Amino acid sequence: MRELTYVARDTVEWREAPDPKLRGDGEAIVTPVAATSCDVDTAILAGHATRRQPHIRFSLDPPFALGHECVARVVETGDGVTSVAPGDLVVVPWSINCGACDHCRSGLTAHCTAVPHMAMYGAPIGGTWGGLFSDLVRVPYADAMLVPLPAGLDPVAMASASDNWSLAWRLVAPHLRNRPGARVLVVARGSIGLYVADIARALGASTVLHVDPDPGHRELAREFGAATAETLDPPVHHGFDIAVEATGRVDQLALALRSLAPEGVCESAGNHFRPGELPLLDMYLTGVTLRIARDNVRAHIPDALALARSGKVDPARVVSHVLDWEQLPEALPEKHLKPVFVRGEGGAGEG
Ligand SMILES: [Zn+2]
Ligand SMILES: [Zn+2]
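Residues numbered from 1 in each chain as written. Chains lettered and ligands numbered in written order. Predicted model: local features only at pLDDT ≥ 70, side-chain atom pairs only at ≥ 80, totals over all residues. Heavy atoms only, no water.

### Some thoughts on unusual backbone geometry
- For the peptide bond that leads from P62 to P63, omega is 5°, which places it in the cis range.
- Residue position: P63 is located in the loop between α1 (39–45) and β4 (64–65).
- With omega at 10°, the peptide bond leading from D233 into P234 counts as cis.
- Here P234 shows up in the loop between β11 (227–229) and β12 (240–246).
- With phi around 55°, H238 is a residue other than glycine that occupies positive phi space.
- If you trace the backbone, H238 turns up in the loop between β11 and β12. (Helix = DSSP H or I, 4+ residues; strand = E, 2+ residues; numbered from the N terminus.)

### Re the pairing of strand β10 (residues 207–211)
- Among the five residues that make up β10, four are buried, leaving the element largely enclosed by the rest of the structure.
- In this structure, strand β9 (residues 183–188) lies alongside β10, joined through five bridges in parallel fashion. The residue of β10 that forms the bridge with V187 is V211.
- In this region the chain leaves β9, passes through helix α6 (residues 191–202) and returns to the parallel neighbour β10; the handedness of that crossover is right-handed.
- When β10 meets β11, the two strands line up parallel, connected through three bridges. In the sheet register, H210 faces β11, and the bridge partner there is T228.
- Regarding the hand of the β-α-β motif, the stretch spanning β10, helix α7 (residues 215–223) and β11 is right-handed. (Buried < 20%, exposed > 50% of the residue type's maximum accessible area, 1.4 Å probe, protein only. Pairing = 2+ DSSP bridges. Right-handed = clockwise from strand over helix to strand, strands pointing away.)

### Side note on helix α5 (residues 164–178)
- Compared with an ideal rise of 1.5 Å per residue, which puts 15 residues at 21 Å, α5 spans 22 Å between its outermost C-alpha atoms and is within 8% of the ideal.
- At R170, α5 shows its largest bend, some 30°, and a proline, P174, comes one to four positions later.
- With twelve of 15 residues buried, α5 lies mostly within the body of the structure.
- Inspection of α5 places N164, W165, S166, L167, A168, W169, R170, L171, V172, A173, H175 and L176 among the buried residues, and these make up the whole buried set. (Expected span 1.5 Å × (residues − 1). Bend = angle between axes of the 7 residues up to and from the residue.)

### Points about the packing of aromatic side chains
- Counting across every chain of the model gives four aromatic pairs.
- For the pair Y6 and F64, a centre-to-centre distance of 5.3 Å together with 75° between the ring planes defines the contact as edge-to-face. Pair noted here: Y6 is in strand β1 (residues 2–8) and F64 is in strand β4, with a separation of 58 residues, a long-range link.
- Judged by its relative accessible area of 1%, Y6 is buried. (Phe/Tyr/Trp six-rings, centres within 6.5 Å; stacked < 30°, edge-to-face > 60°.)

Below, the structure written as structure tokens:
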């Protein structure tokens, strides 16, 4: 089979690898049918996540298999797998988790203790698990990891449920439940912020301000009912109850924090590969809660899919391109926001 492999800055290519095989009763082999790039893949492809920066302890130096967002079709399952069967369409979460350790059982699926710390698809930072832009993928804990795609949901629209769509749900939905009608600020660069804007409006935010330098992104945010701005400098003093920052830039996180109302909450999507300063005295005086965490995505993929199924939101609108699987090597470095690569009829394991 082929793995789409990150080989150099802005360059990916197909490399041959042995077909993955079941290594135990609880495993599955799947073939991605609709896969897309996570917002962080853009930073990885641009070389922003390598060891050349001393505060980054892990290596994202090429080569490695890329991709950690997809809807896949189950090809084969071990005898112990009960929740999915060959032919099923499933969401494959980005992180590897066993479902049985103390962390997994308390929902901390990004911190599973049965596998090396940070074990994930698409980046070699907790062992090597392959990437979701590969022809075939081994899923080591099929019942714990895989989530059947509910009927009626489009694999292209939901390819991001592995990570960015479900992350966006977690960044804003629980906070809006606690603070109905809250004012929401989104400081963003890519798909996560757009999903957050859509979800925030759908779940009753009284106002949503979406800040993104990209005019196309701002137009989409307006379609989701958000007000928009190109920049947020100076910050909006005491302007928002909830702020979501998804830029990977510490200066933007600081602006979001400085726009919070007293006892406001800021969620950050993280991936700040360069250091920077936070306005700690401002944060103290305002009284803010900042959460920045690798997402325990498996715990809330079902909630995020349920919201998509409700029809109150429209994640398909964020899909920027629908392209054939075979276009991955040329198109992935070029097509930003949310290109979805779809495996054509007759592809590996299809049908
Ligand atoms: Zn990701
Ligand atoms: Zn575990």
